[in-house]
Amino acid sequence: MTALVTARLLLRQWQPGDRPYFAALNADPEVMRYFPAPLTRQESDALADRCERLMTVRGWGFWAVELPRRVPFIGYVGLHIPAADLPCKPCVEVGWRLARPYWGKGYATEAAQASLNFAFEDLQIPEVVSFTSLLNWRSQAVMERLGMIRDPETFEHPNVPPGHILREHCLYRLTQTQWKSRPHLL
């Protein structure tokens, strides 16, 4: 199982003690503002179980993120192969979800940079994507800080109900070549 270490963070396999923190994060309406609905405790635990299982099978995925010696769990960041029928499928995405007290501190960008480095250097993935609702400017800003390039076309996310305000998404891409040609922090 691969763990990633940055200057401030540890990206690691999920642990049973993460579930209550993750459930609180997923029940927070502000954290879940750009998702169709907050998650129940059962839904949150099921998502954590899937993340843990995929990490075990692949050796990578959405890592649990902690601030070593300070905070045992602040959210997740990492890589995922989406099952949804997206315009970029098949693909590997980089994504994140952090508890509100850890927003605006650069943690999502720092952890996503480590994830991208792992994707491009260790896994030799040729391209990584990220996507979000058009309304989610915070996540789009992280994507841009990562050096990702926004596709000119938007798409309707198939997992968001038709007519829902969050259905229209933007897609960002970053190739291995682009990643290797730019300076990035780790």
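Here the structure is a predicted model, which means the values were calculated and not measured.

**Thoughts on the UniProt feature "domain: N-acetyltransferase" (unreviewed entry) in the protein chain**
Part 1 of the reasoning: According to UniProt, the positions carrying the feature "domain: N-acetyltransferase" (unreviewed entry) are residues 9-177.
Part 2 of the reasoning: The distance separating the terminal C-alpha atoms of residues 9-177 is 26 Å; by composition the span is 33% helix and 26% strand.

**A few points about the packing of aromatic side chains**
Part 1 of the reasoning: In the structure shown here, the tally under the stated rule is 11 aromatic pairs.
Part 2 of the reasoning: A centroid spacing of 4.9 Å and a plane angle of 70 degrees characterise the contact between Trp14 and Phe22, whose relative ring orientation is edge-to-face.
Part 3 of the reasoning: Accessibility expressed as a relative area gives 0% for Phe22, which makes it buried.
Part 4 of the reasoning: Judged by centre distance (5.9 Å) and plane angle (40 degrees), the ring pair of Phe120 and Trp179 falls under tilted. In this pair, Phe120 is assigned in helix H3 (residues 107-122) and Trp179 in helix H5 (residues 176-180), connecting sequence segments 59 residues apart.
Part 5 of the reasoning: Cluster of aromatic residues (ring-pair linked, three or more members): Trp14, Tyr21, Phe22, Phe62, Phe73 and Tyr76.

**Digging into the environment of Leu47**
Part 1 of the reasoning: Position of Leu47 among the secondary structure elements: in helix H2 (residues 41-58).
Part 2 of the reasoning: A residue is classified by how much of its surface remains accessible, and Leu47, at 15% relative accessible area, is buried.
Part 3 of the reasoning: Taking the C-alpha atoms as reference points, Leu47 and Phe22, separated by 25 residues in sequence, lie 9.4 Å from one another.

**Details of the environment of Pro152**
Part 1 of the reasoning: Along the chain, Pro152 turns up in the loop between strand S7 (149-150) and strand S8 (155-156).
Part 2 of the reasoning: Judged by its relative accessible area of 76%, Pro152 is exposed.
Part 3 of the reasoning: For the pair Pro152 and Leu171, spaced 19 residues apart in sequence, the C-alpha to C-alpha distance is 8.4 Å.

**Overview of helix H1 (residues 18-27)**
Part 1 of the reasoning: All of the buried residues in H1 are Asp18, Arg19, Phe22, Ala23, Leu25 and Asn26. All buried residues of H1 lie within an arc of 160 degrees about the axis, which places them on one face of the element.
Part 2 of the reasoning: Elements that come into contact with the buried residues of H1 comprise strand S2 (10-12), H2, strand S3 (62-67), strand S4 (71-80) and strand S5 (93-98).

**Re the nonpolar core**
In globular proteins that are soluble, nonpolar side chains generally tend to be buried together.
Part 1 of the reasoning: Counting 49 residues, the largest nonpolar core has Trp14, Ile74 and Trp96 as its most contacted members.
Part 2 of the reasoning: Looking at this core, the elements with two or more residues in it are H1, H2, S3, S4, S5, H3, helix H4 (137-145) and strand S9 (168-175).
Part 3 of the reasoning: Examining the composition of this core, we find that 9 residues originate from one element, H3, more than from any other.
Part 4 of the reasoning: Beyond its immediate chain neighbours, meaning those up to four positions away, Trp96 contacts Tyr76, Val77, Ala108, Ala112, Ser130, Ser139, Val142, Met143 and Leu146.
Part 5 of the reasoning: Ala84, Cys88, Cys91 and Leu171 belong to the second-largest nonpolar core, a separate cluster that totals 8 residues.

**What about unusual backbone geometry?**
Part 1 of the reasoning: Of the consecutive residues Lys89 and Pro90, the connecting peptide bond is found in the cis state with omega at -5 degrees.
Part 2 of the reasoning: Its location among the elements puts Pro90 in the loop between S4 and S5.
Part 3 of the reasoning: Of note in the backbone geometry, Arg69 takes a positive phi value of approximately 65 degrees without being a glycine.
Part 4 of the reasoning: Mapped onto the secondary structure, Arg69 falls in the loop between S3 and S4.
Part 5 of the reasoning: With relative accessibility at 82%, the residue Arg69 sits in the exposed group.
Part 6 of the reasoning: Although it is not a glycine, Gln124 adopts a positive phi angle of roughly 55 degrees.

What counts and how
Residues numbered from 1 in each chain as written. Predicted model: local features only at pLDDT ≥ 70, side-chain atom pairs only at ≥ 80, totals over all residues. Heavy atoms only, no water. UniProt positions renumbered as here; feature names shortened; annotations may be inferred. Helix = DSSP H or I, 4+ residues; strand = E, 2+ residues; numbered from the N terminus. Phe/Tyr/Trp six-rings, centres within 6.5 Å; stacked < 30°, edge-to-face > 60°. Buried < 20%, exposed > 50% of the residue type's maximum accessible area, 1.4 Å probe, protein only. Arc of directions from axis to C-beta. Contact = heavy atoms within 4.5 Å. Core = buried A, V, L, I, M, F, W, Y, C linked by side-chain atoms within 4.5 Å.

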